[in-house]
Amino acid sequence: MIAILVSRLIQAVIVMLAVTAVAFAMFRFVGDPVQSMSREEATQQEKQELRERLGLDQPVAVQYVRFLGKVVSGDFGISFRNQRDVATLIAQKAPATMELVLVAVTLSLALGIPLGVLCALHPNGVLSRVIQGTSLIGISVPTFVTGVLLILIFAVTLRVLPSFGRGQTVDLGWWSTGFLTASGLKAMVLPSITLALYSLTLIMRLVRSEMIDILSTDYIRFARARGLPARYIHYRLALRNALMPVITVTGLQIGSLIAFAIVTETVFQWPGLGLLFIQAVVFVDIPVMTAYLLLVGATFVTINTIVDLLYAVVDPRLRVGA
Amino acid sequence: MFLWPALRVGALDRRGGLRPDRQKAPEKRHRLRPQRRRINRGRYTMRNSLLSTACVLCLVASPAFAEVLRWSSQGDIVTFDPYAHTESFTSSVLHHVYEPLVRRGLDLSIEPALATSWEAVEPARWRFTLREGVTFHNGNPLTADDVVASVERLLHPDARARGNLSTVTGIEKVDDMTVDFLLNGPYPLLLNDLSGVFIMDREWMEANDALTPGNITTGVTSYASTNANGTGPFSLESYAPDVGTILKTNPDWWDTAQHNLDGIEFRPITSDATRVAALLSGELDMIAPVPLQDIDRISASSDFKVIQEPALRLIFLGFNYRDELHAMPGQPNPLKDENVRKALWHAVDLDAIQSRIMRGKSRTVGILVAPPVTGYDANIDVPLAYDPALAQQMLADAGYPDGFSTKLDCPNDRYINDEQVCVAIKAMWERIGVTVDLNTESRSTYFPKVDKGETDIYMLGWATLPAMDGFSVLRAILATRDGSSGGNNANGLSDPRLDALNTAAAVEIDEPTRVDMLTEALKIARDKAYFLPIHQQPVAWAVRSGVDVPQFADEYVRLWFAKIE
Amino acid sequence: MRVPVYVLCAMALGLAIITAALLAPLLSSVDPTSSASFNLMDSELPPVWVQGGDVRFLLGTDNQGRDLLSAILYGARVSIAIGVGAVLLSASIGVTLGLLAGYLGGWFDALVMRVADVFLSLPTILLALLVAGIARALIPDANSVRWAPYILIAAIGINEWVQYARTVRAATMVEASRDYVRAVRIMGLPTWAILLRHILPNVIGPILVISTINLAAAVLTEATLSFLGVGMPPDYPSLGTLIRIGNEYVFSGIWWITVFPAATLVLLVLATNITGDWLRDLFNPKLAGRA
């Protein structure tokens with residue numbers, strides 16, 4: 001048990017180091033930081049002084065270590081585009097994305113699991129065939145198409161929901177939340193539906209296939225033969241076992257959702273990390289791109305490690321031999 | 001999520017009633033009520049309702065028509081430091097918070113602002129008298145020290161906007177309300193330049209360590225980048241890049257307010273469609289600019305109106321005058337031949353661009369300035385006719401019967417429909433046999449590329465702001481690039497007659513003579529097809545009905561004239 | 001082997017779109033990428049069944065006057081070409097690494113798996129945007145048609161190799177312990193010959209399944225990148241670029257520039273997904289013997 005924990009942690013650390021190495025390479029070698037940071041008529045001597053000040057004349061390994069040090073202490077440099085401290089920028093935008101992802105995950109679980117159970121229990125029913133059909137469409141429609149469609153229907157034609165932004169937010173210390181205002185809640189609806197759609201269909205299909213698998217196993221057949229109530233069989237036995245992979249997939253999906261938030265935030269102009277990142281790509285703002293990579297990479301590695309560990313804890317079959 | 005049931009269970013005792021520590025509050029209430037139940041309630045209620053009625057009346061009686069104007073544009077304010085940038089949109093918003101010594105009025109003519117009078121005591125020394133009784137938003141009075149500190153900050157070698165006052169060599173305080181500007185020679189356009197120089201508070205800068213100016217290119221920031229203390233009709237309440245800026249009305253403004261706003265909320269929305277959707281759904285009161293394809297739809301609705309006119313900003317294409325084109329290394333540059341450039345001009349169907357892409361809202365032009373700008377002459381404002389057959393013939397005569405290759409670089413988020421215009425022009429040139437390698441990109445990578453001379457044919461927009469004078473085109477674009485001129489002439493254009501005109505017009509005090517020089521320069525630029533003018537960009541804003549905002553050809557938003565009903 | 005009707009329909013539809021796209025130069029009389037074929041004065045015409053439509057342009061025209069049907073066919077061609085390129089790239093990398101890791105084992109195997117973990121921990125769209133962003137910083141003309149397709153192929157292809165690597169590695173490890181492989185090894189055949197001629201043919205099945213699903217994902221990613229503005233440029237638009245261009249007109253009543261390319265994209269991806277699903281079910285031993 002401890003062996004698994006340790007090995008997973010070591011793995012996580014190695015992956016993080018690799019991600020930081022890529023981030024450092026981007027930061028240092030993509031574009032010329034001295035060129036971008038000196039003024040137009042800078043002389044060679046000024047550039048040399050700037051180079052020394054930034055530590056760019058040191059060996060690469062030393063620079064990498066310094067970079068690591070700065071990252072750990074939260075110094076991500078200054079955004080080329082906004083001339084603001086990147087760490088502050090990210091801290092400002094993070095709550096928006098986190099709230100959006102949270103609502104999307106909740107939606108996809110709250111709708112995906114029941115729908116999946118429904119399809120599994122009545123695999124040949126009309127309703128479940130319809131749901132399955134629409135689920136296929138759900139994973140084939142790109143996120144941005146969904147977003148544009150929803151805006152067209154609800155914001156422009158029906159005028160019931162806002163088409164951009166977060167509405168009014170309330171600051172709770174460092175976190176700014178949109179949950180406490182009516183306009184914030186209304187603004188959350190369309191983006192979260194857009195973001196959740198793909199994840200929802202994924203979970204639905206997963207629950208359906210897992211439950212179908214489990215429902216055909218022996219111990220379910222024995223339970224039925226024993227005359228246990230159908231409800232008990234379906235929910236306490238089958239669904240509980242089917243939920244395990246769902247939880248792991250959801251954990252992994254959170255990472256994917258944070259990434260797809262890039263597209264959703266662009267369509268809805270949601271002021272979160274995704275919009276910040278895509279603007280950084282378009283404007284070639286290397287410090288912000290690097291910081292986003294590090295942050296998101298760290299999030300994924302953490303989530304994946306936790307999911308791995310959870311899996312190992314819950315499923316005794318995995319404990320034997322790492 | 002799983003903690004919630006636990007919390008709820010903990011708060012309830014076994015019978016379902018609230019735990020003892022939660023019962024204290026209801027006990028308090030119970031003590032008061034039984035004693036004076038009926039009477040108290042009655043009085044309480046009546047007093048309450050009287051109060052609320054009074055409040056409502058107050059709200060109605062007060063100038064409750066003052067409201068917050070919410071508006072949006074496609075770009076954001078890049079900084080609140082007036083000397084760290086040269087973007088006209090940012091300047092336009094900063095003008096609500098900061099003010100210059102002279103400003104432009106409703107008819108765009110120059111009028112006194114923070115300075116009440118001026119005179120040239122010597123040809124190279126101008127004396128300005130400052131307005132009395134002006135205070136900054138933090139209460140500090142405006143004095144000559146503030147003006148001196150501001151100008152010195154602008155002239156600092158690190159300031160991005162330093163070029164706006166390139167003829168000023170120094171500034172001296174004469175007394176508490178008078179300053180002297182020292183120039184490097186007689187210069188007729190000092191007032192035009194000063195209309196874009198904002199005055200900051202010296203004590204505030206010293207207290208906040210903001211005496212060194214910022215620079216958006218090198219990334220230097222200061223306290224002044226995100227905070228502001230000016231003399232303008234509005235004060236800065238908050239500035240969050242990419243999210244929004246909130247301005248509040250300044251009740252102590254020295255001028256009489258012609259607006260009735262309580263405040264202004266600005267939000268950048270890059271996507272055109274989203275911006276329009278926000279206006280139509282009532283979340284915004286005004287959008288500037290409005291995408292051209294939505295103008296008809298919005299103006300058809302009685303809840304909104306579109307105001308538009310041609311702007312000062314002129315869009316044109318520039319050429320590469322070096323020995324070789326980037327697209328054809330090792331071969332002589334065909335663009336150095338005047339006939340080749342004219343052929344390219346003849347090949348562009350400017351009317352189609354105007355009617356289809358700009359939907360008839362732009363004005364096709366033949367020279368590099370718009371009618372309100374000094375130096376304009378309608379006689380030379382005639383573009384070359386659309387004649388692709390002639391263009392092909394001219395190319396063949398010039399020695400390129402099979403055409404040649406060139407690059408075309410354009411921004412895709414700076415000018416109205418810039419990308420579309422370039423795609424169309426590429427198609428038109430390919431029809432006469434020229435191979436075009438098109439590259440469109442965001443302005444953050446586009447303009448540095450142009451400045452470094454890495455383009456063959458590029459698109460540029462020029463509004464001559466803040467000077468509003470044709471000399472700006474002559475000095476920055478037409479003159480050969482040396483220390484002080486040709487700042488935007490990155491591709492090697494060099495014409496001796498234009499350089500002579502540049503030097504002469506810089507110091508010509510006799511206005512008619514100076515204007516003739518400007519017109520001659522513009523005529524030469526047209527006759528030799530040094531640039532390919534396309535159109536005068538329209539400025540189109542959409543407002544909710546009930547919002548009254550004047551529009552200006554320099555595209556500046558001046559919301560201190562705005563009224564909401 | 002009974003193939004359900006809807007799968008047959010999906011396969012037929014998918015093949016139809018792909019064939020039409022690949023044969024675009026033959027099918028459409030005009031080449032929307034060649035400027036002689038369109039005229040700015042024809043821009044924004046509605047589809048032929050709407051009033052104002054022109055019979056020359058069945059689905060209407062876009063904002064530059066290009067015939068939308070031709071633009072969609074060529075755009076699909078570009079999207080599919082880039083998708084196939086990306087799948088080929090990731091398949092080459094993944095299969096090679098998978099074969100070597102499964103066969104050689106040891107430190108190489110461990111290294112490849114650790115690298116795979118790094119790639120797995122980052123989502124597709126993020127990696128693709130990063131590659132596109134770095135390319136834009138390094139190449140000044142990244143948005144021109146000379147560079148954009150290659151940048152896109154690299155950005156999309158760099159993602160999916162892990163799936164190939166893992167599957168092929170597992171299959172290789174199974175095959176490598178078989179007698180016939182031991183036999184050829186004793187015979188002295190070089191490693192590459194063993195891998196290519198003997199092991200690879202036996203692991204083709206899963207590769208095909210993964211490729212089908214990955215093609216759909218690659219086309220979707222390309223559309224997303226083009227929509228975000230870092231994909232194919234407007235003078236050689238792919239389906240995603242057309243959707244982006246049309247998006248600005250959707251609210252002013254010019255709906256066809258977005259709707260038709262979006263519909264084509266959705267149908268194409270749907271068809272590929274259905275086919276891929278069915279293929280995967282076909283190869284899944286647990287489902288064999290059911291339905």
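Thresholds applied
- Residues numbered from 1 in each chain as written.
- Chains lettered and ligands numbered in written order.
- Predicted model: local features only at pLDDT ≥ 70, side-chain atom pairs only at ≥ 80, totals over all residues.
- Helix = DSSP H or I, 4+ residues; strand = E, 2+ residues; numbered from the N terminus.
- Buried ≥ 20, exposed ≤ 12 C-beta atoms within 10 Å, placed from the backbone.
- Contact = placed C-beta atoms within 7 Å.
- Nonpolar A, V, L, I, M, F, W, Y, C, P; charged D, E, K, R; others polar.
- Axes fitted to C-alpha atoms, helices over the stretch in contact; angles between N-to-C directions.
- Parallel < 35°, antiparallel > 145°, perpendicular 65-115°, else oblique.
- Left-handed = near helix turned anticlockwise from the far one by under 90°.
- Core = buried A, V, L, I, M, F, W, Y, C linked by C-beta atoms within 7 Å.
- Domains from an automatic or database assignment.
- Bend = angle between axes of the 7 residues up to and from the residue.
- Right-handed = clockwise from strand over helix to strand, strands pointing away.
- Pairing = 2+ DSSP bridges.
- pLDDT = per-residue confidence, 0-100.

### Remarks on the overall build of chain C
The number of helices and strands found in chain C is 12 helices and 0 strands. When each of the 291 residues of chain C is scored for burial, the buried share is 53%.

### Focus on the overall build of chain A
Within chain A, the secondary structure is distributed over 12 helices and 2 strands. When its helices and strands are written in sequence order, chain A yields α-α-α-α-α-α-α-β-β-α-α-α-α-α. The buried share of chain A, reckoned over its 322 residues, is 42%. Sequence separation of 24 or more characterises 70% of the internal contacts of chain A that already satisfy a separation of 6 or more.

### Examining the interface of chain B and chain C
On the side of chain C, 24 residues touch chain B, which itself brings 26 residues to the contact. For the side of chain B that touches chain C, the element with the highest residue contribution is helix α13 (residues 418–431) of chain B, accounting for 8 residues. Split into classes, the residues belonging to the side of chain B that touches chain C amount to 9 nonpolar, 4 polar and 13 charged.

### Quick notes on the packing of helix α6 (residues 126–140) of chain A against helix α8 (residues 182–215) of chain A
Residues and elements named next belong to chain A. Two elements in contact, α6 and α8, have axes separated by 8 Å at closest approach and are oriented at 135°. It follows that α6 is oblique to α8 by the angle criterion. In the packing of α6 onto α8, the handedness of the crossing is left-handed. Contact with α6, carried on its side by Ser135, Gly138 and Ile139, involves Leu197, Tyr198, Leu200, Thr201, Leu202, Met204 and Arg205 of α8 and no other residues of that element. Taken together, the residues of the contact of α6 with α8 sort by class into 6 nonpolar, 3 polar and 1 charged.

### Some points on the interface of chain C and chain A
Across the boundary between the two partners, chain C contributes 34 residues, which contact 39 residues of chain A. Mapped by element, the contributors of at least two residues to the side of chain C that touches chain A are α4 (106–120), α5 (124–138), α10 (204–228) and α12 (256–283) of chain C. In terms of residues, the side of chain C that touches chain A owes the most to one element, α5(C), which gives 10 residues. Across the side of chain C that touches chain A, the residue classes tally to 24 nonpolar, 6 polar and 4 charged.

### As for the nonpolar core
Core analysis: the biggest nonpolar cluster contains 328 residues, and B:Met286, B:Ile287 and B:Leu368 have the highest contact counts within it. Top contributing element to this core by residue count: helix α3 (residues 68–104) of chain C, with 19 residues. In terms of domain composition, this core takes at least three residues from each of domain 2 (93–207) and domain 3 (311–539) of chain B. Look past the residues within four positions of B:Met286 in its chain and what remains in contact with it is B:Leu69, B:Trp71, B:Trp541, B:Val543, B:Val547 and B:Val549.

### Quick word on unusual backbone geometry
Residues and elements named next belong to chain B. Cis geometry marks the peptide bond from alanine 288 to proline 289; its omega dihedral reads 0°. Mapped onto the elements, proline 289 comes out in the loop between β11 (286–287) and α9 (295–300). With a phi angle near 50°, alanine 529 is a residue other than glycine that sits in the positive phi range. Under the C-beta neighbour-count criterion, alanine 529 is labelled buried, with 20 such atoms within 10 Å. A positive phi angle is found at glutamate 555, which is not glycine, with a value near 65°.

### Side note on α8(A)
Residues three or four positions apart in an α-helix share a direction because the helix packs 3.6 residues into each turn. Maximal helix bending in α8(A) amounts to about 40°, located at A:Ala196. With respect to burial, α8(A) is a largely interior element, 24 of its 34 residues being buried.

### Observations regarding the pairing of strand β14 (residues 405–411) of chain B
Residues and elements named next belong to chain B. Burial analysis of β14 places 6 of its 7 residues in the buried class, the great majority of the element. In terms of handedness, the path from β14 via α13 over to strand β15 (residues 435–441) forms a crossover that is right-handed. Pairing between β14 and strand β16 (residues 457–462): 2 bridges, direction parallel. Its bridge partner being in β16, leucine 408 is matched across the sheet by isoleucine 457.

### Points about the sheet that holds strand β6 (residues 168–175) of chain B
Residue and element names in this part refer to chain B. Strand order in the open sheet made by the 4 strands is β4-β5-β7-β6, with antiparallel pairing throughout. With one partner strand each, in any of the chains shown, β4 (115–122) and β6 form the two edges of the open sheet. Recorded for the sheet is a direction-independent mean angle of 20° between the axes of neighbouring strands. Pairing of β4 with strand β5 (residues 125–130), which is carried by 6 bridges, proceeds in the antiparallel orientation. Paired with serine 117 across the two strands is threonine 129, which belongs to β5. Against the sheet, helix α5 (residues 144–154) engages β5, β6 and β7 (178–183), with an angle of about 170° to β6.

### Focus: the pairing of strand β10 (residues 261–268) of chain B
All names here are of chain B. Two elements, strand β1 (residues 67–73) and β10, share 7 bridges in a ladder whose sense is parallel. Looking across to β10, one finds that leucine 69 is bridged to isoleucine 264. Pairing between strand β9 (residues 244–249) and β10: 4 bridges, direction antiparallel. Bridge assignment links lysine 248 to a residue of β10, and that residue is glycine 263.

### Quick notes on the environment of B:Thr406
All names here are of chain B. Assignment of secondary structure puts threonine 406 in strand β14. Taking the number of C-beta atoms within 10 Å as the measure of exposure, threonine 406 has 25 and is therefore buried. Along the chain, threonine 406 and histidine 156 lie 250 residues apart, while their C-alpha atoms are 40 Å from each other. In contact with threonine 406, not counting residues within four places along its chain, are Leu325, Ala327, Val434, Val436, Asp456 and Ile457.

### Digging into the environment of B:Pro188
Residues and elements named next belong to chain B. Assignment of secondary structure puts proline 188 in the loop between β7 and α6 (190–194). With 264 residues separating them in the primary sequence, proline 188 and lysine 452 have C-alpha atoms 31 Å apart. Excluding residues within four positions of it along the chain, proline 188 makes contact with Ile509 and Arg514.

### Quick look at the packing of α3(C) against α10(C)
A pair of packed helices is characterised by two quantities: the angle between their axes and the separation of those axes. All names here are of chain C. Axis separation between α3 and α10 bottoms out at 8 Å; the angle between their running directions is 130°. By the angle between their directions, the pair α3 and α10 is classed as oblique. You can see that α3 and α10 cross each other, and the crossing is right-handed. Residues Ser79, Ile80, Ile82, Gly83, Val84, Ala86, Val87, Ser90, Ala91 and Val95 of α3 touch α10, and the partners they reach there are Ile207, Ser211, Asn214, Leu215, Ala218, Val219, Glu222 and Ala223. Grouping the amino acids of the contact of α3 with α10 by side-chain chemistry returns 12 nonpolar, 5 polar and 1 charged.

### Concerning the environment of A:Gly125
All names here are of chain A. Mapped onto the fold, glycine 125 is located in the loop between α5 (86–121) and α6. For glycine 125, a count of 12 C-beta atoms within 10 Å gives the class exposed. Spatially, the C-alpha atoms of glycine 125 and leucine 275 are 42 Å apart, while their sequence positions differ by 150 residues.

### Notes on the confidence of the model for chain C
Residue and element names in this part refer to chain C. Per-residue pLDDT for chain C averages 83, and the proportion of residues at 70 or more is 96%. Element-level pLDDT for chain C is lowest in helix α2 (residues 24–27), with a mean of 74, against a maximum mean of 91 in helix α6 (residues 148–157). Below pLDDT 50 for its whole length, residues 287–291 participates in 1 contact with residues either more than four positions away or in separate chains. Both confidence scores are given for the complex: pTM 0.78, ipTM 0.79.

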